[in-house]
Amino acid sequence: MNYLNLFSLKGKNAWITGGAYGIGFEIGKAYALAGADHIIFNCRTEKNLQVGLENYRKAGIENVSGFICDVTDEKAVASLVEKIHAEIGPIHILVNNAGIIKRIPMHEMTRAQFQQVIDIDLVGPYIASAAVVPEMMERREGKIINICSMMSELGRETVSAYAAAKGGLKMLTRNICSEYGGYNIQCNGLGPGYIATQQTAPLREKQPDGSRHPFDAFICAKTPAGRWLNPDELGGAAVFLASKASDAVNGQILYVDGGILAYIGKQP
Ligand code: NAP
Ligand code: GCO
């Protein structure tokens, strides 16, 4: 037997929430390249739906379906899951990737702003996971991958709601493992470091005087490789967590951070 078959996603359908672009798209692309039968993604706007479909088309990926669905809307999520089951088939792999961040000092943040981050980054993964688990329980097989963060382990100024959500997502991951491991459902987290996407673009923008953003220099000093990571560098870990190769891995957070969590930082 070719040992690499353990990492194949042949015969599997994968739903990546927020998978139109950024990290979610790169995970969807990796899954397609690993042999997945069908890639499903959702986002909130028609504009980004078309962006996503074009991204997959440009990558040569045809077995993809995109839907407009807000992960915080449980009725919309339930009807999307029903539609996927009816039109595409089982959801073998769920990646809870959809997420936002608001960078505001905690004491200046409104309750509504804090709540919106919690709703999307923590309640959303609960809603999607609760919607797909019953079918996974029936099939006695399933993979749920939650996209965590450095902020599942660390804090920093202005990201209180995001850190609370991503810390909660780490424990939701462990609890799904505990509650459903007996049904051969594995739930693990993937914890990216600092990745060059739209979400972190404001942290890399050139200053008005053309100089480097201070946060850009800061993160490079905190990363052993001295650089931001690219979203496609998450694909291998994402495929591993979605494949048979990780059937005995459950409740873990796999950090793909270039070593940030291990490193005190480059001496200035
Ligand atoms: P991104 O470029 O901003 O993409 C986020 C995606 O989520 C978009 O497709 C967005 O589409 C979708 N989305 C947001 N809210 C949604 C909702 N309520 N319902 C459905 N879709 C929603 O972000 P990213 O950098 O790729 O990050 C993706 C995930 O990785 C997030 O969970 C983020 O917290 C996490 N993460 C990012 C980094 C990083 O450095 N970039 C590091 C660690 C973890 P619409 O706006 O059209 O809905
Ligand atoms: C921030 C960044 C981070 C990244 C990521 C790190 O403002 O600190 O946006 O939170 O998005 O979550 O792993």
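The written sequence of each chain sets the order in which its residues are numbered from 1. Here every chain gets a letter starting at A, and every ligand a number starting at 1, in the order they are written. A pLDDT threshold of at least 70 governs which residues receive local features in this predicted model, and a stricter bar of 80 or more applies before side-chain atom pairs are shown or counted, although totals over entire chains, interfaces and linings include all residues. To get the side-chain values, all heavy atoms of the structure are used, and hydrogens and water are removed first.

**Quick look at the state of the cysteines**
When two cysteine sulfur atoms lie within 2.5 Å, the pair is treated as a disulfide. In the structure shown here, the tally under the stated rule is zero disulfides. Cys 69 forms no disulfide, and the closest cysteine sulfur to it belongs to Cys 43, at a distance of 9.7 Å.

**Digging into the nonpolar core**
Among buried residues, the Ala, Val, Leu, Ile, Met, Phe, Trp, Tyr and Cys ones that are joined through side-chain atoms within 4.5 Å form a nonpolar core. Here's how the labels work: a residue is buried when its accessible area is under 20% of the maximum for its type, exposed when over 50%, partly exposed in between, all with a 1.4 Å probe on protein chains only. In terms of nonpolar packing, the biggest core is built from 33 residues, with Ile 27, Tyr 31, Ile 39, Ile 93, Val 95, Ile 145 and Leu 190 touching the most fellow members. Of all elements in the fold, only strand E1 (13-17), helix H1 (22-33), strand E2 (38-43), helix H2 (46-58), strand E4 (93-96), strand E5 (142-147) and helix H7 (235-242) reach the threshold of two or more residues within this core. In terms of residue count, H1 provides more of this core than any other element does, six residues in total. Note on contacts: a residue pair is in contact if any heavy atoms of the two residues lie within 4.5 Å. With near-sequence residues (within four places) excluded, Ile 27 lies in contact with Ile 16, Val 95, Ile 147, Leu 190 and Ala 238. If you look at the next biggest cluster of nonpolar residues, it comprises 21 residues, including Val 71, Ile 100, Met 109 and Ala 163. Going along the chain from the N terminus, every DSSP run of H or I of four or more residues is numbered as a helix, and every run of E of two or more is numbered as a strand.

**Digging into the pattern of salt bridges**
For salt bridges, the criterion is a side-chain nitrogen of Lys or Arg within 4 Å of an Asp or Glu carboxyl oxygen. According to the stated counting rule, one finds 11 salt bridges in the structure shown. The closest approach of N and O atoms between Glu 54 and Arg 57, which form a salt bridge, is 2.7 Å. Of this pair, Glu 54 and Arg 57 both sit in helix H2, three residues apart, which is roughly one turn of the helix. Looking at Arg 57, the relative accessible area reads 54%, which means it is exposed. What you see here is one network of salt bridges that share partners, running through Lys 12, Glu 135, Arg 139 and Glu 141.

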